[in-house]
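# Reading the structure
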Amino acid sequence: MKTHDTTDRRPRIPLGRRLRRDRALLLMTVPALVLVLVFHYVPVLGNVVAFQEYDPYVSTNGVTAIAESPWVGLAQFDRVLSDPSFWDAVENTLVFFLLQLVFFFPVPIALALLVHSLLRPRVRAFVQAVLYLPHFFSWVIVITVFQQVFGGAGIIAQTLRERGHEGFDLMTDPGTFKFLVTAEGIWKDAGWGVIVFLAALAAVDRSLYEAAAMDGADRWRRMWHVTLPALRPVIALLLVLRVGDALTVGFEQLLLQRDAVGPGAAEVLDTFVWWTGLRSQDFSYAAAAGLVKGLVGLVLVVSANKAAHLMGEQGVYRK
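Fair warning: this is a prediction, and the values are worked out from it, not measured in the lab. (Residues numbered from 1 in each chain as written. Predicted model: local features only at pLDDT ≥ 70, side-chain atom pairs only at ≥ 80, totals over all residues. Heavy atoms only, no water.)

### Some points on the pattern of salt bridges
What counts, and what does not: Think of a salt bridge as a Lys or Arg side-chain nitrogen and an Asp or Glu carboxyl oxygen that are within 4 Å of each other. Summary of the burial criterion: residues with accessible area below 20% of their type's maximum are buried, those above 50% are exposed, and those between are partly exposed, where the area comes from a 1.4 Å probe applied to protein chains only.
On inspection of all chains with the given rule, the structure shows 5 salt bridges. In this structure, Arg258 and Glu267 form a salt bridge, with 2.8 Å as the shortest nitrogen-oxygen distance. Note on accessibility: Arg258 and Glu267 belong to one class, buried.

Set out below in structure tokens:
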């Protein structure tokens, strides 16, 4: 006996009609698409120099120099993988990433739960504004603020000296630099990350809280059984993106403080590519290092997304 599919199948709208219907929205996306194309996809073509001994001075301009530079195959990648400085930068990058994952990633979740628990709208709006404000500061301002507080001539060090104690300078201490960088990132961007979690909390059905309260659940149990499960898909998505971005940790932030603590403590992959490529003008070597970083990042995001699927979450894309 044949069964018929009784699901509601809506008629497909022709592509031309959809384009005419959504032309205003499509036009609004054109500037963003142009920016992405010019600044993200066109520069990718320049990665071809990673397979060359690129010399920008063999031609009148850098673009035609690509065609005239000799090909060396995978020689640049051999240089990268056999360079101890590259592996030192990888080690520092992973240390910074793990510290930010452990200490930074949970902070926006905790702050979102705290803000969401505030009942008075004015108090909530004030707290949100205070938390969001540091995100709009440049890294120059953020580092200057930390210098004025934790530097050798900062407020804390001066106060200790006035009371007969020995001062300190955290801004130039390589041993504590990784924790300083993590603290700077938390102060600057944790409040901005709250926005995503507050949006997820706003979508939670209030009847779930009411049903849990009627069953005798107190505030902590409601948070554990209602709030956190509602945040789990968002947490999984952001965690996948964060793992995929593991090898990119604060280029501008670390570059500004590199001279104060030395490359041994502050050198990461992005600053390594900057110094070897632009300062030393070894463009092919820097391009090879950047490609290695990109390939590893791709593997990380695919692996993290697979782990999200195993936990029952969608991740960045569906199975």
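### Overview of the environment of Gly193
To keep things clear, this is the line we draw: A run of H or I in DSSP counts as a helix once it spans at least four residues, and a run of E counts as a strand once it spans at least two, with each numbered from the N terminus.
Position of Gly193 among the secondary structure elements: in helix H10 (residues 177-202). Linking Gly193 and Val107, residues 86 residues apart in sequence, is a C-alpha distance of 8.8 Å.

### Let's talk about the environment of Ala289
Checked against the element boundaries, Ala289 lands in helix H16 (residues 283-310). The class of Ala289 is buried, set by a relative accessible area of 2%. When the C-alpha atoms of Ala289 and Arg79 are compared, they prove to be 9.3 Å apart, with 210 residues separating the residues in sequence.

### Quick look at the layout of surface pockets
Spelled out, the test is: A pocket here means an open set of points on a 1 Å grid, computed over the protein atoms alone, that has protein on both sides within 12 Å along at least five of seven lines. A cavity is instead a set of points where a 1.4 Å probe fits but cannot get out; residues with an atom within 4 Å of a point line either one. Grid points are joined across faces, edges and corners, and a volume is the space filled by probe spheres set on the points. All residues other than Ala, Val, Leu, Ile, Met, Phe, Trp, Tyr, Cys, Pro, Asp, Glu, Lys and Arg, Gly among them, are scored as polar; the first ten of these are nonpolar and the last four charged.
Counted as a void, the largest pocket has a volume near 620 Å³. As for the largest pocket, its lining consists of 24 residues, and the residues nearest its centre are Gln100, Phe104, Asp189, Arg242 and Asp245. Among the elements of the structure, helix H5 (84-104), H10, helix H12 (219-244) and helix H13 (251-261) are those that each provide at least two residues to the lining of the largest pocket. In terms of residue count, the dominant contributor to the lining of the largest pocket is H10 (9 residues). Class assignment for the residues of the lining of the largest pocket results in 14 nonpolar, 7 polar and 3 charged. Each pocket or cavity is described by its volume, and for the second largest pocket that value is around 470 Å³.

### As for the nonpolar core
Heads up, the rule is: What we call a nonpolar core is a set of buried Ala, Val, Leu, Ile, Met, Phe, Trp, Tyr and Cys residues that are connected through their side-chain atoms within 4.5 Å. Contacts are assigned to residue pairs with any non-hydrogen atoms lying within 4.5 Å of each other.
Membership of the largest hydrophobic core comes to 21 residues, with the highest contact counts inside it found for Phe96, Phe177, Val249 and Leu254. In this structure, Val249 is in contact with Thr93, Phe96, Phe97, Gln100, Arg242, Leu254, Val268 and Asp270, ignoring residues within four places of it in sequence. Of all hydrophobic cores here, the second largest spans 17 residues; its members include Ala65, Tyr285, Ala287 and Val292.

### Some thoughts on the packing of H5 against H12
Condition: Axis definition: a line fit to C-alpha positions, over the contact stretch in the case of helices; interaxial angles, taken between N-to-C directions, run 0 to 180 degrees. Working rule for angles: under 35 degrees goes down as roughly parallel, over 145 as roughly antiparallel, 65 to 115 as roughly perpendicular, anything else as oblique. Put simply, a crossing is left-handed when the front helix is turned counterclockwise from the back one by less than a right angle, and right-handed when it is turned clockwise.
At a minimum axis separation of 11 Å, H5 and H12 run at an interaxial angle of 165°. Classed by the angle they form, the pair H5 and H12 counts as roughly antiparallel. In the crossing of H5 with H12, the sense of the turn from one axis to the other is right-handed. Of H12, the residues touching H5 (which contributes Phe97, Gln100 and Leu101) are Leu239, Arg242 and Val243. By residue class, the composition of the contact of H5 with H12 is 4 nonpolar, 1 polar and 1 charged.

Read these as layout, nothing more, since geometry by itself doesn't imply function.
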